[in-house]
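Observations on the model geometry
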Amino acid sequence: MATALQELWQHLQRQLFPTLVEELGQLGEKDQEFVPVVYLLPLGKFLEPYRWKGMGCPPHERAWLVHAYIVKGCINSPPPRR
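Predicted, not measured: the structure shown is a model, and the values here were computed from it. (Residues numbered from 1 in each chain as written. Predicted model: local features only at pLDDT ≥ 70, side-chain atom pairs only at ≥ 80, totals over all residues. Heavy atoms only, no water.)

What follows concerns the overall build of the protein. Within the protein, the secondary structure is distributed over four helices and zero strands. Ordering the α and β elements of the protein from the N terminus gives α-α-α-α. The buried share among the 82 residues of the protein stands at 16%. Considering only contacts in the protein between residues 6 or more positions apart, those separated by 24 or more positions represent 43%. (Helix = DSSP H or I, 4+ residues; strand = E, 2+ residues; numbered from the N terminus. Buried < 20%, exposed > 50% of the residue type's maximum accessible area, 1.4 Å probe, protein only. Contact = heavy atoms within 4.5 Å.)

Here we take up the nonpolar core. The biggest cluster of nonpolar side chains holds eight residues, and these are Leu 12, Phe 17, Leu 27, Phe 34, Val 35, Val 38, Ile 70 and Cys 74. Among the elements of the structure, helix H1 (2-24), helix H2 (29-40) and helix H4 (62-74) are those that each provide at least two residues to this core. For this core, the leading source of residues is H2, giving three residues. Contact partners of Leu 12, with chain neighbours within four places excluded, come to Phe 17, Pro 18, Pro 36 and Tyr 39. (Core = buried A, V, L, I, M, F, W, Y, C linked by side-chain atoms within 4.5 Å.)

On the secondary structure map, Trp 9 appears in helix H1. Of the residues examined, Trp 9 reaches a relative accessible area of 42% and is grouped as partly exposed. Residues in contact with Trp 9, not counting those within four places in the same chain, are Phe 17 and Pro 36.

A few words on the packing of H2 against H4. In a packed pair of helices, the relevant descriptors are the angle between the two axes and the axis-to-axis distance. Interaxial distance between H2 and H4 falls to 9 Å at its minimum, and their mutual angle equals 135°. Considering their axes alone, H2 and H4 lie oblique with respect to each other. For the element pair H2 and H4, the recorded crossing hand is right-handed. Contact residues: H2 offers Lys 30, Glu 33, Phe 34, Val 37 and Val 38, while H4 offers His 67, Ile 70, Val 71 and Cys 74. (Axes fitted to C-alpha atoms, helices over the stretch in contact; angles between N-to-C directions. Parallel < 35°, antiparallel > 145°, perpendicular 65-115°, else oblique. Left-handed = near helix turned anticlockwise from the far one by under 90°.)

This next bit is on H4. Helix length check: H4, at 13 residues, gives a terminal C-alpha distance of 19 Å against a target of 18 Å (1.5 Å per residue), a fit within 8%. For H4, every residue scored as buried is listed here: Ala 63, His 67, Ile 70 and Cys 74. Viewed along the axis of H4, the buried residues span an arc of 60°, placing them on a single side of the element. In this fold, the buried residues of H4 make contact with H2 and helix H3 (43-47). Of the residues trailing H4, Asn 76 is marked for its positive phi of about 55°. (Expected span 1.5 Å × (residues − 1). Arc of directions from axis to C-beta.)

The next thing to look at is the environment of Leu 16. Mapped onto the elements of the fold, Leu 16 is located in helix H1. Distance from Leu 16 to Pro 36, taken between C-alpha atoms, is 9.1 Å for residues 20 residues apart in sequence. Contact partners of Leu 16, with chain neighbours within four places excluded, come to His 11, Val 35 and Tyr 39.

Below, the structure written as structure tokens:
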């Protein structure tokens, strides 16, 4: 298990981060925390029940909403006021 995690982290360092830096510019500290979490999170199986079934207007992509909540957790943002 530890070896698999080490290999995955090395893959992120060698492949994903350089690609993101090339596309977006230098990543901040919080960005570097967010990227591995989203990369490792298997959203597909959790969001499948919420996919559009062809009736009514297509809903907004739920994965973006999940990513927004993850970002809030990475930057220690307080919950929204109601």
